[in-house]
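# Structure assessment
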Amino acid sequence: MHELLPSDGSGCDRDHILPGKASVSCRNGPGRGEHVCHRWRHPGHTHPGLCGLFLAVARCSHQGLLLFLPKNVHVVCVDMPGHEGTSRTGAADYAIEGQVKRIRQFVESIHLDKKPFHLVGTSMGGNVAGVYAARYPRDLCSVTLVCPAGLNNPTHSKFVKLLQGLEKSKDSHSIPLIPSTPEEMEEMLKLCSFVRFKIPQQILRGLVDVRIPHNDFYREVFLEIVGENSRHSLHDNMHLISAPLQVIWGKQDQVLDVSGASLVAAAVPGCQVDLLDNCGHSVVMERPRKTAQLMMDFITAQQNAGSASNKKLS
């Protein structure tokens, strides 16, 4: 297990994603370290001038995407709270502002801030990535938000309507994204994906059994990020984003309605919006090849625009 990402790529298997664990300072007490687990790929020869790539998403979501990213791009993938060995601290750290601070500490600990990088976030990670872009613009060369949370979407999704019903009944144990039975797991998968998969009952049971020991923690995190201080964090900060911004969204998203894309586009000048047909909330898992292509096209376009601007100035 590598503690830090070497800036020169030494010791790295160039064709594989390797595990890492970075220590960040802990807000809950002096001298006590917290860990943020991540995966990284640092090729020996990176694309000349291309931004490094940092993914603020859970590892289970980005594995498929990595298969379609060019081998000459430096990739760092971080596990958000609750995934693998990333430390579980306290509710204040799970709020969006707390998560942004932890990501910033992580970026500093692996020296990723030495050169502007491209930041990617999906769903909750999109909320975190967007607020990060607003707080630390100098760190970034560009940003991609994939169906980000944290917006006051003009149209309420099926999931949001379900949440509103649960709020009225004060029921915090029936959150559709936190299943505790095979039937609830099947419904969650239907909610998150436009593509319908026929999954055997024993597989659904296995998926639930893995999650159940962690459901109380997942519920704590979820209630924190939909609380008053975090629910609309991206909405409240998106006007501060100055880095070139791309938004990717599935048109059939039932978790976070695609109408959020128009909100971001209106608030951030020059924002590029890419909407995917026949795609739900799990964009990176449903359409990994297309998502990778859109991201790389966007990054390359920004790079080319910067190069053209520099030539004019010279």
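Residues numbered from 1 in each chain as written. Predicted model: local features only at pLDDT ≥ 70, side-chain atom pairs only at ≥ 80, totals over all residues. Heavy atoms only, no water.

### Considerations on the overall build of the chain
A count of helices and strands for the chain gives 12 helices and 8 strands. Split by element, the accessible area of the chain, about 15,000 Å² in all, is 52% carbon and sulfur. (Helix = DSSP H or I, 4+ residues; strand = E, 2+ residues; numbered from the N terminus. Areas by Shrake-Rupley, 256 points an atom, 1.4 Å probe, with all protein chains shown as cover.)

### Things to note about the environment of Leu204
Along the chain, Leu204 falls in helix α7 (residues 201-211). Under the relative-accessibility criterion, Leu204 is labelled buried at 1%. Here the alpha-carbon distance between Leu204 and Thr181, two residues 23 residues apart in the chain, equals 8.3 Å. Setting aside residues no more than four positions away along its own chain, Leu204 makes contact with Pro182, Met185, Glu186, Leu189 and Ile199. (Buried < 20%, exposed > 50% of the residue type's maximum accessible area, 1.4 Å probe, protein only. Contact = heavy atoms within 4.5 Å.)

### So, the packing of helix α6 (residues 182-192) against α7
Close contact between α6 and α7 brings their axes to 8 Å; oriented N to C, the two are set at 95°. Relative to α7, α6 is oriented roughly perpendicular. Residues Pro182, Glu183, Met185, Glu186, Met188 and Leu189 of α6 lie in contact with α7, whose contacting residues are Gln201, Leu204, Arg205, Leu207, Val208 and Arg211. Counted by class, the contact of α6 with α7 contains 7 nonpolar, 1 polar and 4 charged residues. (Axes fitted to C-alpha atoms, helices over the stretch in contact; angles between N-to-C directions. Parallel < 35°, antiparallel > 145°, perpendicular 65-115°, else oblique. Nonpolar A, V, L, I, M, F, W, Y, C, P; charged D, E, K, R; others polar.)

### A look at the pattern of salt bridges
As enumerated under the stated definition, the model contains 8 salt bridges in all. With its nearest N and O atoms 2.8 Å apart, the salt bridge here joins Lys251 to Asp277. Separated by 26 residues along the polypeptide, Lys251 in the loop between β7 (245-250) and α10 (260-267) and Asp277 in the loop between β8 (272-276) and α11 (283-286) bring together distant segments of the chain. Taken together, the salt bridges that share partners define one network made up of Arg104, Glu108 and Asp139. (Salt bridge = Lys/Arg side-chain N within 4 Å of Asp/Glu carboxyl O.)

### With respect to the environment of Met238
Mapped onto the secondary structure, Met238 falls in the loop between α9 (233-237) and β7. What makes Met238 buried here is its relative accessible area of 5%. Between the alpha carbons of Met238 and Val264 there is a distance of 6.9 Å; along the sequence they are 26 residues apart.

### Thoughts on unusual backbone geometry
Although it is not a glycine, His111 adopts a positive phi angle of roughly 60°. The backbone phi angle of Ser123 is positive, close to 55°, even though this residue is not glycine. Following the sequence through the fold, Ser123 ends up in the loop between β5 (117-122) and α4 (124-135).

### Regarding the side chain of Thr291
Along the chain, Thr291 falls in helix α12 (residues 288-313). Judged by relative accessible area, which is 0%, Thr291 ranks as buried. Here Thr291 is in contact with Leu65, Ile248, Leu276, Val283 and Val284, once residues within four sequence places are set aside.

### Observations regarding the pairing of β5
In terms of burial, β5 is largely enclosed, as 6 of its 6 residues are buried. Of the strand pairs in this sheet, β5 and strand β6 (residues 140-146) are connected by 6 bridges, and their pairing is parallel. Bridging across to β6, Val120 finds its partner in Thr144. Tracing the backbone out of β5, into α4 and back to the parallel element β6 gives a crossover that is right-handed. (Pairing = 2+ DSSP bridges. Right-handed = clockwise from strand over helix to strand, strands pointing away.)

### Some thoughts on the nonpolar core
Of all hydrophobic cores here, the largest spans 73 residues; its most connected members are Tyr132, Leu140, Ile241, Leu245 and Val264. The dominant element in this core, judged by the number of residues it contributes, is α4, at 7 residues. Once residues lying within four places of it in the same chain are set aside, the contact partners of Leu140 are Pro116, Phe117, Leu119, Tyr132, Ala133 and Ala243. (Core = buried A, V, L, I, M, F, W, Y, C linked by side-chain atoms within 4.5 Å.)

### Some thoughts on the packing of aromatic side chains
Tallying each qualifying case throughout the model produces 5 aromatic pairs. For the ring pair Tyr94 and Phe217, a centre distance of 5.2 Å and an interplane angle of 90° mean the geometry is edge-to-face. Note that Tyr94 is positioned in helix α2 (residues 91-94) and Phe217 in helix α8 (residues 215-225), a separation of 123 residues in sequence. Just as Tyr94 is buried, Phe217 falls in that class too. Ring pairing ties together the aromatic residues Tyr94, Phe217 and Tyr218, which thus form one cluster. The ring of Tyr136 carries Arg104 above its face, with NZ or CZ at 4.9 Å from the centroid. (Phe/Tyr/Trp six-rings, centres within 6.5 Å; stacked < 30°, edge-to-face > 60°. Lys NZ or Arg CZ within 6 Å of the ring centre and 35° of its normal.)

### Considering the confidence of the model for the chain
In the predicted model, the chain carries a mean pLDDT of 80, and 74% of its residues have values of at least 70. In the predicted structure, residues 1-19 sits below a pLDDT of 50 and forms 45 contacts with residues beyond four places in sequence or in another chain. A low-confidence stretch, residues 21-32 (pLDDT under 50), is modelled with 34 contacts involving residues beyond four sequence positions or located in other chains. (pLDDT = per-residue confidence, 0-100.)

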